[in-house]
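Spelled out, the chains give:
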Amino acid sequence: KAGVTQTPRYLIKTRGQQVTLSCSPISGHRSVSWYQQTPGQGLQFLFEYFSETQRNKGNFPGRFSGRQFSNSRSEMNVSTLELGDSALYLCASSLEAAGEQYFGPGTRLTVT
Amino acid sequence: GENVEQHPSTLSVQEGDSAVIKCTYSDSASNYFPWYKQELGKGPQLIIDIRSNVGEKKDQRIAVTLNKTAKHFSLHITETQPEDSAVYFCAAKGSGGSNYKLTFGKGTLLTVNP
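Predicted model, so just to flag it, every value in this text is computed and none were measured.

J.: Describe in detail the interface of chain B and chain A, supporting the description with residues and values.
T.: Bring the parts together and some accessible area is lost; that lost area is often taken as the interface size. Opposite the 20 residues of chain B that make contact, chain A presents 22 residues. Interface of chain B and chain A: buried area, both sides summed, is about 1600 Å²; carbon and sulfur atoms make up 51% of it. Between the two partners, chain B and chain A, sit zero salt bridges. The interface formed by chain B and chain A contains three residue pairs in polar contact (both at pLDDT 80 or more). Listing elements by their share of the side of chain B that touches chain A, those giving two or more residues are β4 (32–38), β5 (45–51), β9 (86–93) and β10 (102–104) of chain B. Tallied by class, the residues present in the side of chain B that touches chain A amount to eight nonpolar, six polar and six charged.

J.: An account of the nonpolar core is requested, with residue identities and associated values reported.
T.: In terms of nonpolar packing, the biggest core is built from 24 residues, with W35, F73, L75, Y88 and L110 of chain B touching the most fellow members. Aside from chain neighbours lying at most four places away, what touches Y88 of chain B is Q6, I21, Y36, K37, I47, L75, I77, G107, T108 and L110 of chain B. The next biggest cluster of nonpolar side chains, apart from the first, holds 21 residues, and it includes I26, V32, V78 and L81 of chain A.

J.: Now, about the state of the cysteines: what can you tell me, with residues and values included?
T.: Within this structure, the stated rule accounts for two disulfides over all chains. A sulfur-sulfur separation of 1.7 Å characterises the disulfide bridge that pairs C23 of chain A with C91 of chain A. Judged by the sign of its S-S torsion, about -45 degrees, the bond between C23 of chain A and C91 of chain A is left-handed. A residue pair is termed long-range when its members are at least 10 positions apart, and C23 of chain A in strand β3 (residues 19–24) and C91 of chain A in strand β9 (residues 87–94) qualify at 68 residues. Residue classification places C23 of chain A among the buried positions, given a relative accessible area of 0%. Disulfide partner of C23 of chain B: C90 of chain B, at an S-S distance of 1.9 Å. Here C23 of chain B and C90 of chain B share a disulfide; its torsion about the S-S bond, -100 degrees, makes the bridge left-handed. Taken together, the positions of C23 of chain B in strand β3 (residues 19–25) and C90 of chain B in strand β9 put the pair 67 residues apart, joining distant regions of the chain. Each member of the pair C23 of chain B and C90 of chain B is classed as buried.

The rules we used
- Residues numbered from 1 in each chain as written.
- Chains lettered and ligands numbered in written order.
- Predicted model: local features only at pLDDT ≥ 70, side-chain atom pairs only at ≥ 80, totals over all residues.
- Heavy atoms only, no water.
- Contact = heavy atoms within 4.5 Å.
- Buried area = accessible area lost by both parts, 1.4 Å probe.
- Salt bridge = Lys/Arg side-chain N within 4 Å of Asp/Glu carboxyl O.
- Polar contact = N/O pair within 3.5 Å; in protein donor to acceptor, adjacent residues only side chain to side chain.
- Helix = DSSP H or I, 4+ residues; strand = E, 2+ residues; numbered from the N terminus.
- Nonpolar A, V, L, I, M, F, W, Y, C, P; charged D, E, K, R; others polar.
- Core = buried A, V, L, I, M, F, W, Y, C linked by side-chain atoms within 4.5 Å.
- Buried < 20%, exposed > 50% of the residue type's maximum accessible area, 1.4 Å probe, protein only.
- Disulfide = S-S within 2.5 Å.

Rendered as structure tokens:
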């Protein structure tokens, strides 16, 4: 069974731009969570989607948003990029909301 | 909300020795405690987990123990090998509502010296 896939793997953007990251969960998994990983703050929860509904949201500004499609694929969007948004963005899927989470390889976003 | 503390932040051992990483959590409602291994350039990989109705779980050279009363859990790696070198993260997850999310520790960089 294929693992979690994330595209693109690397991205360079300029301050003020917006970006969309994509995540395809493991086949059959209905829950997708997004995390931001930085050296200073570690792994921080962004939001979780289950059956196209946002179930949970972390403490990030409204510039960070996401959605989930009927096939469980998910996208996250960051608008008006800031230098501090440079990070590894990780997506994790699970069979159900309370289940084991499996991570993708991440998208490395660099904001210049 | 939940707060997870992880120690030590770095750990260096000789090949064949044991390694122990400890985590404490704050929310007594948390009931799921996974451990992840992250190698350079990769996403975290689930290596073992434990639920609050179990005190210990073992999988070959890896074991996890949970003390619900003290709200701490530990990862034990025996007979360490150089390929065990990575960053290890502990996490805690609650049972419902806004607790349906993983809160991670800051990570432990484990180096196994040949």
